[in-house]
Amino acid sequence: MNTTTLQDNREGAATELGYVFTFLLGVLLLTMFSLWIYDIETATRERWNVEAIDANMNDLSAAIERTDIASRIENSSYAERVYWRATEADESQFTLELTDTQLILYDAQGELDTERSLSGTSSAPHTGVVDLAGVEAIWVVYHNGVISLELDRPMF
């Protein structure tokens, strides 16, 4: 007759525990890697937003300075279109304000607020408040003795 006896064998259990710990280590490493990649992607997006907004503000400031120069010509009108670079930020929260000495970008969330100083050498007053939701271009306009920011092409 064939009799079977149980043996006290722990090799199989040790192998199974090794598989479980190897799997858990893999899950831990993949989780850490995905969090690391997410942080890199978020930092890249934030850097792009800051660089795009800086470039936009520099372009607008330069256009305003050129408009100041054009305003010194008697009986003149001047308009310049400045393209607004897209950002990953929620631009519906952005408001752009032009004063006599500053161009100010307000972010309702407060993270991307920025401003540029203007020379203020023109005798014409500077005015304009623009909401940037869906904006592709901003017009810097000198007409009737006033320098302003507008979204629509001027007709003069």
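Quick note: structure is the one above.
These lines cover the structure that appears in this document, whether it is placed above or below. All figures in this text were calculated on a predicted structure; none of them were measured in a lab.

Quick word on the sheet that holds strand 1 (residues 78-83)
So, point 1. Strand order across the open sheet formed by four strands is 1-7-8-5, with mixed pairing between neighbours. At either end of the open sheet lies a strand with only one pairing partner, and these are strand 1 and strand 5 (126-127).
So, point 2. In the sheet, strand 5 pairs with strand 8 (residues 146-150) via two bridges, with the strands oriented parallel. Bridge pairing in strand 8 links H126 to I147.

Section: the environment of L96
So, point 1. Structurally, the position occupied by L96 is in strand 2 (residues 94-98).
So, point 2. Sequence spacing of L96 and V20 is 76 residues, and the spatial spacing of their C-alpha atoms is 57 Å.
So, point 3. The residues contacting L96, other than those within four sequence positions of it, are M57, L60, L103, I104, L105, G128, V129, V130, L132, I138 and L149.

Considerations on the sheet that holds strand 2
So, point 1. In space, the four strands of this open sheet follow the order 4-3-2-6, with antiparallel pairing throughout. Every interior strand has two partners, whereas the edge strands, strand 4 (114-117) and strand 6 (129-131), have only one. For this sheet, the mean inter-axis angle between neighbouring strands, taken without regard to orientation, is 10°.
So, point 2. Sheet analysis places strand 2 next to strand 6, joined by three bridges and oriented antiparallel. Residue pairing for strand 6: L96 is matched across the bridge by V130.

The rules behind the values
- The residue count restarts for each chain, going from 1 along the sequence in the order it is written.
- Local features in a predicted model are, by the rule used here, given only for residues with pLDDT of at least 70; side-chain atom pairs are given and counted only at 80 or more, and totals for whole chains, interfaces and linings are based on all residues.
- Excluding hydrogens and water, the side-chain figures rest on all heavy atoms present in the structure.
- Only when DSSP finds a minimum of two bridges between them are two strands counted as paired.
- Elements are defined by DSSP. Helices are runs of H or I of four residues or more, strands are runs of E of two residues or more, and each kind is numbered from the N terminus.
- Any two residues having at least one pair of non-hydrogen atoms within 4.5 Å are treated as being in contact.
- To define axes, lines are fitted to C-alpha atoms, for helices over the stretch in contact only, and angles between the resulting N-to-C directions are given on a 0 to 180 degree scale.

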